[in-house]
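# Structural description and commentary
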Amino acid sequence: DIQMTQSPSTLSASVGDRVTITCRASQSISSWLAWYQQKPGKAPKLMIYKTSNLESGVPSRFSGSGSGPEFTLTISSLEPDDFATYYCQQYNDYPWTFGQGTKVEIK
Amino acid sequence: QITLKESGPTLLRPTQTLTLTCSFSGFSLSTIGVGVGWIRQPQGKALEWLADIHWSDSKQYSPSLKSRSTITKDTTKNQVVLTMTNMDPVDTATYYCAHRVVGGGLDYWGQGTLVTVSS
């Protein structure tokens, strides 16, 4: 299985901060990486697919980049609605695997 | 508008079989490139991918659950069913189904259904 390692596990930040979350794959996944946002009690929401493609309706302050094995999700200026847990997921190879999550909390 | 909704039992006893149904609308599982996956999440823990079925009826399973999981689709009813045998308390989680297209992520999710396994 491909292991996805996210860092940090928790991130404390303030509104307006630039935030970067990293995801490292244990082997090549080409560009087949997605990022999800999840709020308590809610289903995950797709934010970025194929490393850098913004899902429809997702604010442009979110961006994704990277190439094997390290990928990043960046929020250029944190908004109150962005405090949530973020997961990366590879879909290059089965079994698809998720990172362990990064909780973005209010500083 | 694509929507998905999971349904099934909320409480199971250990060793029982779980049957979850994902009922969807707004797309067809006969359309080339479309798939539906199942993902679960124990309370306070990370997401875990379980299984996936394509428009072609190709199926994939998590190796750790493959021996006791079956995924099927009913195109006429717009449903995908996941069956897991020999349920254990460690299988207690919220189970989600999600839509995807080839090359994209899991772009539409159901609300999730909490399944508790307890004696």
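A brief look at the structure comes next.

Calculation rules
- Residues numbered from 1 in each chain as written.
- Chains lettered and ligands numbered in written order.
- Predicted model: local features only at pLDDT ≥ 70, side-chain atom pairs only at ≥ 80, totals over all residues.
- Heavy atoms only, no water.
- Pairing = 2+ DSSP bridges.
- Helix = DSSP H or I, 4+ residues; strand = E, 2+ residues; numbered from the N terminus.
- Axes fitted to C-alpha atoms, helices over the stretch in contact; angles between N-to-C directions.
- Core = buried A, V, L, I, M, F, W, Y, C linked by side-chain atoms within 4.5 Å.
- Buried < 20%, exposed > 50% of the residue type's maximum accessible area, 1.4 Å probe, protein only.

## Quick notes on the sheet that holds strand β8 (residues 70-75) of chain A
Residue and element names in this part refer to chain A.
- A sheet is described by the order of its strands in space; here 4 strands give the open sequence β1-β3-β8-β7, paired in antiparallel fashion. Where the open sheet ends on each side, the last strands, each with one partner, are β1 (4-7) and β7 (62-67). Neighbour to neighbour, the strand axes of the sheet diverge by 20° on average, direction disregarded.

## Things to note about the sheet that holds strand β1 (residues 3-7) of chain B
Residues and elements named next belong to chain B.
- Strand order in the open sheet formed by 4 strands is β1-β3-β8-β7, and the pairing between neighbours is antiparallel. With partners counted over all chains shown, the strands left at the sheet margins are β1 and β7 (69-74), one partner each. The sheet shows a mean angle of 15° between the axes of neighbouring strands, taken without regard to direction.
- In the sheet, strand β3 (residues 18-25) pairs with strand β8 (residues 79-84) via 6 bridges, with the strands oriented antiparallel. Along β8, the bridge assignment pairs Cys 22 with Val 80.

## Here's the deal with the nonpolar core
- One finds Trp38(B), Val80(B) and Tyr95(B) to be the most contacted residues of the largest nonpolar core, which totals 27 residues.
- Of all elements in the fold, only β3, β4 (34-41), β5 (48-54), β8, β9 (93-101) and β11 (113-117) of chain B reach the threshold of two or more residues within this core.
- Of the residues forming this core, the biggest block, 4 residues, is contributed by β3(B).
- The next biggest cluster of nonpolar side chains, apart from the first, holds 24 residues, and it includes Leu33(A), Val58(A), Leu73(A) and Tyr86(A).

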